[in-house]
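Given next are the chains, with one letter for each unit.
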Amino acid sequence: MNTFIHPIPFDLIINCKNNNRASQKQLYFLLAPELYSICNCYCYRDESDVILALGFVNILNQLDTYSLSEPFRAWAANIVMETIKSAYPSRVELTAPSLLFNL
């Protein structure tokens, strides 16, 4: 099953908001591959694990700010990007423009 195509179930998000650990674990495994690839664009491989964990904690802490008007995966990716920016501000500024030319 390709998780990049399927949306995140709304009830899973609600259960995560209610601190259901099994739902949080399921959400992590649904999002981890694509969020990890974002981390790898801006971090060294050994740092990516830490940034992914911090980013996911930030996602869970900010679930109350999620609006149904935007795709959940994009919202989560934005939070991970903010986590990376706060950890490595100069690295993101240097790397981001070069990624645009490699598309």
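From a predicted model like this one, the values you see are computed outputs, not experimental measurements.

1. So, unusual backbone geometry
For step 1, the next point in the chain: A positive phi angle is found at Asn19, which is not glycine, with a value near 60°.
For step 2, the next point in the chain: On the secondary structure map, Asn19 appears in the loop between α1 (10-17) and α2 (21-42).
For step 3, the next point in the chain: On the basis of relative accessible area, Asn19 is assigned to the exposed category, the value being 51%.

2. Some points on the confidence of the model for the protein chain
Segments scoring low in pLDDT should not have their predicted coordinates read at a detailed level.
For step 1, the next point in the chain: Of the residues in the protein chain, 82% reach a pLDDT of 70 or more, and the chain-wide mean stands at 84.
For step 2, the next point in the chain: Note on residues 96-103: pLDDT under 50 across the span, and three contacts to partners over four residues away in sequence or across chains.

3. What to know about the packing of aromatic side chains
Each aromatic ring pair is described using two quantities: the centre-to-centre distance and the angle formed by the ring planes.
For step 1, the next point in the chain: Tallied over the full model, the rule gives five aromatic pairs.
For step 2, the next point in the chain: Judged by centre distance (5.0 Å) and plane angle (80°), the rings of Tyr66 and Phe72 are edge-to-face.
For step 3, the next point in the chain: Residue class for Phe72 comes out buried when judged on its relative accessible area of 5%.
For step 4, the next point in the chain: Each member of the aromatic cluster is reached from another via a ring pair, and the members are Tyr28, Phe29 and Phe56.

4. Concerning the pattern of salt bridges
For step 1, the next point in the chain: Considering all chains together, one arrives at two salt bridges under this definition.
For step 2, the next point in the chain: Between Arg73 and Glu34 there is a salt bridge, with its nearest N and O atoms 2.4 Å apart. Highlighted residues: Arg73 in helix α4 (residues 72-87) and Glu34 in helix α2, separated in sequence by 39 residues. Both residues of the pair, Arg73 and Glu34, count as buried.
For step 3, the next point in the chain: Between Lys85 and Glu82 there is a salt bridge whose closest N-O contact spans 3.6 Å. Here Glu82 and Lys85 lie together in helix α4, a separation of three residues that amounts to about one turn.
For step 4, the next point in the chain: Residue classification places Glu82 among the partly exposed positions, given a relative accessible area of 40%.

The rules we used
Residues numbered from 1 in each chain as written. Predicted model: local features only at pLDDT ≥ 70, side-chain atom pairs only at ≥ 80, totals over all residues. Heavy atoms only, no water. Helix = DSSP H or I, 4+ residues; strand = E, 2+ residues; numbered from the N terminus. Buried < 20%, exposed > 50% of the residue type's maximum accessible area, 1.4 Å probe, protein only. pLDDT = per-residue confidence, 0-100. Contact = heavy atoms within 4.5 Å. Phe/Tyr/Trp six-rings, centres within 6.5 Å; stacked < 30°, edge-to-face > 60°. Salt bridge = Lys/Arg side-chain N within 4 Å of Asp/Glu carboxyl O.

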